[in-house]
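Read off the chains here:
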Amino acid sequence: MIKALYEIGKIHEKNYDETQQLTEDLGTKYTATITINVETKNGSLIYTGCSMEKKKDVNYLYRKTPSARFDPYSLTLKPAKHGPERIIDRFIKYCEVHKGKLISDIEKVLKENREVIIRDIEVAAKNCDKNERYFVTVVISGRYVGEIEEFRKIFLGEVQKLPKSRAGTCFICGKETEVGAKVSDILKFATIDQPGFAYRMNKKSHDITMPLCSECFAKLALGKKIADEKLTLNFYGSCDSYDSRVYVLPRFFGERIEKHHRFAQNTLAAFDSLTNTFKGENGRYEKFERKIVAKLGKEETYSTLNFVFFMKARKKDEVKLYLNIQDVPPSRLKMINFAATSIENELKSLGSPYIKFETLWKVFKGYSQLQKKATDKNPVPPSDFLKCMQAMFKGFRINLDPYKKAALRYIHSFKMNADEKERKNLFFERGNIVAMGYFLNRLNNLHEGGRLDLSKSKSEILKDFFELYPDFFKNDELKLTFIIGMIHSIFVDIQESQGYTGTADQRIKGYRMKPDDFKEHLSYMKSKFKYYLTKIKDASHVEFMKRLFEIAGEYQLKAGMKWKSSITDLNYAFLCGEASKRLLMSSNENKKEIEDREV
C-alpha cells in the first residue's frame, strides 16, 4: 500500500505545485468556509468582516499540525473545542513566529480586532447547515493564502523541515541520506500489521519507524492526497464514531516513467468518469458496490488494483486498516461481474434479486447488530466478511458454510423481530441473500449458467433448476427440503392473507430443523391445507398447491429414511426454496396433465 501511494505521488508530482503536494484534504464534512476578510485602505490593512461561503477549488494551504505545536502551518484552521478564540490566538501566534511586512500587518489587524472577529465568526457559524462543518481562513484583498508567495514559502519551509533530522536509510528509496520524517507522519494508521501495508515489513533489517528522506516524504504525501481526493469510496459500516471507506489504488509496472505518466493520467481520468454518477451532493464518492466493480473491470489503463478497507475515526486522525486486497487484475473484476450478471439473469423470474456487497455485509453483521442505534453499533467488519471479500477478489475458494449459517441466523432474526413495515421487504431480503449464496458458489466453479425454460412442466423446471446449482442440491433430501421451503413460503402467505397471527414460521425452530422435523412439517402443511381449501377462491391456486405436494411426495420417496446431509445444508436448501416460491408459477403445465395425474 505504501509503495502504491508513493508511485501515484511520483507519477503525478509534475501536475501539482510543491505546496499542493504537501497539503491535506480538509475532509468531506467541511464544505463551508468562514473567511476573515482583510482589505488594503490608504496603504494599510483593515478588517472588513467575516463571510460564509462554500468550499472552493483553491489552495487553502491546509495541513494539520502536530498536537504539541501551537502555531499552524498557515492561516487556515478547523475549529477546535475552545471555539473561535483558539483559532484567532493560533493565527496571532503564526504571525509572531513568522516575520514579514504583510504578516506583521495581519498580526496587527488580528490583535486589534480580536473580539470583533471572534463574535463575527460565531454569528457566521450559526448559518451552517445542521450536517455541515466549517473551517476558517484569512483572505487578503480577495486572495487566498495559497495564492500569496510569502505564505507558500513559509508552508514549504515548515512542512519539509525534517523533525529530529539524522543520517539514516530512507524506508522507500533505500538511500543513505538525511532522514527525520516517518511514514506515520502521513499515514496515521493505528494498524499497520495487515498484509500488504508496507513492503519489506517481513525483513528484519528495516527500521521499524520507517524513516523518510524529504523527497520520498513529498511523493508519499502527494500520493495520499490523490488517494483521499480521487480514489476513496465509502463503504458499509459507518457509525457515529467511524466512517467506513475503501481505497482503490492502481498499480503500474514497467520502467519507463513517461509510459507510467500516460497510464496514470488515463487511469485517473477513467476513475473520474466511472465514478461521477456515484457522487453525492457533497462531491464525494458514495458506496463501493458491485456496479462500480463492473465498470472498473472494463478499463485497461492499469495493471492491477489494490482495494484497502479501513475505518477512519471522525474528528481524529486515527485510521484502522482491516483488509488490503493486493494486485487484483481487471480480468478478475470481469469474472466477478460475469458471475453476478449470470446469477441475476437466471433468477429474474424469482423477483429479480440483485448481487450486492451490502447483502454480504448485512448477513455477516447480523440483523440485531444492524438494528442498534448508531452510537451503539460496532464498526469493526466481521472476520468472515473480510475473508469472503478477500477470496472473491483474489480468486480463492470460498467456504460457503459460514455464509449459510449466517444467512439462516439473519433471516430468522428478521422474521422474529422486524416490524410490519420491514416485513414487507422480507421477500426481497431473502431473495438477495439466496442469490448471493449462488453467486459465491459460482465464483468457485465459474461456468456459463443459463435461463430456465418456463414452458416445461413443473417437474422438468425443478430438475433444470437443481442442475443450475448442483452444489446446493446434491441429493434428493436437499431437493425435498427445497420443495418443502417453497410450499412453506406459499403456505405462510395463505395464512397471513386469511388473518392468522400465528403462522407456520413459528414451527421451523430457528432454521435448525432435523430430518424428522422436515417430514413432520410437510405432514402438518398437508393436513392444514385441506382445511384452507374451502377458503381459497381461485381454483388454479388449489391445483397448484396440490401439484406441489405431489412433487414433494415423489422426492420424499426418493430421499428414503436415512438422510446424510448436514443440518446447515438441509435448512439452507429450505431457505432457498422459500426464496423460490415463484419458480413454478409461470409453468405452462396444462390442465389436461393435471387431470391425467388425478385419474
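The following refers to the structure shown. (Residues numbered from 1 in each chain as written. Predicted model: local features only at pLDDT ≥ 70, side-chain atom pairs only at ≥ 80, totals over all residues. Heavy atoms only, no water.)

**Points about the overall build of the protein chain**
Stage number 1. Along the backbone of the protein chain there are 22 helices and 13 strands.
Stage number 2. For the protein chain, the residues scored as buried account for 53% of the 599 residues in total.
Stage number 3. As displayed, the protein chain offers around 28,500 Å² of accessible surface, 48% of which is attributable to carbon and sulfur atoms. (Helix = DSSP H or I, 4+ residues; strand = E, 2+ residues; numbered from the N terminus. Buried < 20%, exposed > 50% of the residue type's maximum accessible area, 1.4 Å probe, protein only. Areas by Shrake-Rupley, 256 points an atom, 1.4 Å probe, with all protein chains shown as cover.)

**Some points on the pairing of strand S7 (residues 176-179)**
Stage number 1. Examined bridge by bridge, strand S6 (residues 166-169) and S7 share four bridges and lie antiparallel to one another. In the sheet register, Thr169 faces S7, and the bridge partner there is Glu176.
Stage number 2. Taking the residues between adjacent antiparallel strands as the criterion, S6 and S7 are bridged by six residues, where Gly174 takes a positive phi near 75°. (Pairing = 2+ DSSP bridges.)

**Description of the side chain of Asn441**
Stage number 1. Tracing the sequence through the fold places Asn441 in helix H16 (residues 426-444).
Stage number 2. The exposure class assigned to Asn441 is buried, which follows from its relative accessible area of 9%.
Stage number 3. Excluding its chain neighbours within four sequence positions, the residues that come into contact with Asn441 are Leu400, Asp471 and Phe472. (Contact = heavy atoms within 4.5 Å.)

**Topic: the packing of helix H14 (residues 400-417) against H16**
Stage number 1. Closest axis-to-axis distance for the H14/H16 pair is 11 Å, and the angle between their directions is 180°. Considering the angle they form, H14 stands roughly antiparallel to H16. Judged by residue contacts, Leu400, Tyr403, Ala407, Tyr410, Ile411, Phe414 and Lys415 of H14 engage Leu426, Glu429, Arg430, Ile433, Met436, Gly437, Leu440 and Asn441 from H16.
Stage number 2. Broken down by class, the residue content of the contact of H14 with H16 amounts to ten nonpolar, two polar and three charged. (Axes fitted to C-alpha atoms, helices over the stretch in contact; angles between N-to-C directions. Parallel < 35°, antiparallel > 145°, perpendicular 65-115°, else oblique. Nonpolar A, V, L, I, M, F, W, Y, C, P; charged D, E, K, R; others polar.)

**Thoughts on the sheet that holds strand S13 (residues 319-328)**
Stage number 1. Reading across from one edge, S10-S11-S12-S13 is the order of the four strands in this open sheet, with antiparallel pairing throughout. Edge positions in the open sheet fall to strand S10 (232-234) and S13, since each of these has one partner strand only. Each adjacent strand pair in this sheet contributes to an overall mean axis angle of 20°, direction not counted.
Stage number 2. Where S10 meets strand S11 (residues 242-251), three bridges bridge the pair, whose relative direction is antiparallel. In the sheet register, Asn234 faces S11, and the bridge partner there is Arg245.

**Re the environment of Glu24**
Stage number 1. Assignment of secondary structure puts Glu24 in the loop between helix H2 (18-22) and strand S1 (30-41).
Stage number 2. Residues Glu24 and Lys64 lie 40 residues apart in sequence; the distance between their C-alpha atoms is 7.4 Å.
Stage number 3. Residues in contact with Glu24, not counting those within four places in the same chain, are Tyr62, Arg63, Lys64 and Lys188.
Stage number 4. Reaching out from Glu24, the side chain makes a polar contact with the backbone nitrogen of Lys64 at a distance of 3.2 Å. (Polar contact = N/O pair within 3.5 Å; in protein donor to acceptor, adjacent residues only side chain to side chain.)

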